[in-house]
Amino acid sequence: MSTIHLHQRTTLTPEQYVAGLTDFGPGRSKLFGNSADAYLKVHHRGSTQADVTEGSGGIWERLHYDWSDPNHVVLTTTDSNTWGGESGHTYSFTRKPNGTTDIDVVVVREGKNFKGWVLGLVLGAIGRRVLEKAFENSVKAIEARNSATRPRLVAA
């Protein structure tokens, strides 16, 4: 089992990041590169929970999303062709006095078969940088999306 801790500081509020994290519409892959639109299937979505299958590159997982606590979002793997056991993601948000937000993510990968076991070892050994880059890219993409939706001030 591999456990990887990631951290980013952002200008986003926790609510803005969670809105991106829980946007299961078309184009999700623009926010999360490891979530190809072809794999995406929303089984159920409520106001604070969802049941979603997503993945890419031959790896998929069904996740239970719980964002009932806006400062602590938990994604639990309920089925996968690769991951099992305690696999999932936990996002924790800390608002800073300067208006920024610290996002801490814990990714747990427990292989449920040979493929998962090997991938888990690779992630634990050298895959951290890949996950860091993917997380960094998601934060940047959600920041860009939010800055594009802010009203622009026009000089008179």
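1. Quick notes on the pairing of strand 6 (residues 88–95)
Moving on, step 1. Relative to strand 6, strand 5 (residues 72–80) is paired through five bridges, and the arrangement is antiparallel. Note that in strand 6 the partner of Val73 across the bridge is Tyr91.
Moving on, step 2. As judged from the eight bridges shared by strand 6 and strand 7 (residues 101–109), these two strands associate in the antiparallel manner. Along strand 7, the bridge assignment pairs Tyr91 with Val105.
Moving on, step 3. Where strand 6 folds back onto strand 7 in an antiparallel hairpin, the turn is made up of five residues, including Gly99, whose phi is positive at roughly 95°.

2. Thoughts on the pattern of salt bridges
Moving on, step 1. What the rule picks out here adds up to 11 salt bridges.
Moving on, step 2. Put simply, Asp102 and Arg9 hold a salt bridge, and the shortest N to O gap is 2.6 Å. On the criterion of sequence distance, the pair formed by Asp102 in strand 7 and Arg9 in strand 1 (residues 2–10) is long-range, its members being 93 residues apart.
Moving on, step 3. The exposure class of Arg9 is partly exposed, given its relative accessible area of 47%.

3. Quick notes on the environment of Val74
Moving on, step 1. Within the secondary structure, Val74 is located in strand 5.
Moving on, step 2. Remark: the alpha-carbon pair of Val74 and Ser92, spanning 18 residues in sequence, is separated by 8.8 Å.
Moving on, step 3. In contact with Val74, other than residues within four places in its own chain, are His64, Tyr65, Asp66, His89 and Thr90.

Cut-offs applied
Residues numbered from 1 in each chain as written. Predicted model: local features only at pLDDT ≥ 70, side-chain atom pairs only at ≥ 80, totals over all residues. Heavy atoms only, no water. Pairing = 2+ DSSP bridges. Helix = DSSP H or I, 4+ residues; strand = E, 2+ residues; numbered from the N terminus. Salt bridge = Lys/Arg side-chain N within 4 Å of Asp/Glu carboxyl O. Buried < 20%, exposed > 50% of the residue type's maximum accessible area, 1.4 Å probe, protein only. Contact = heavy atoms within 4.5 Å.

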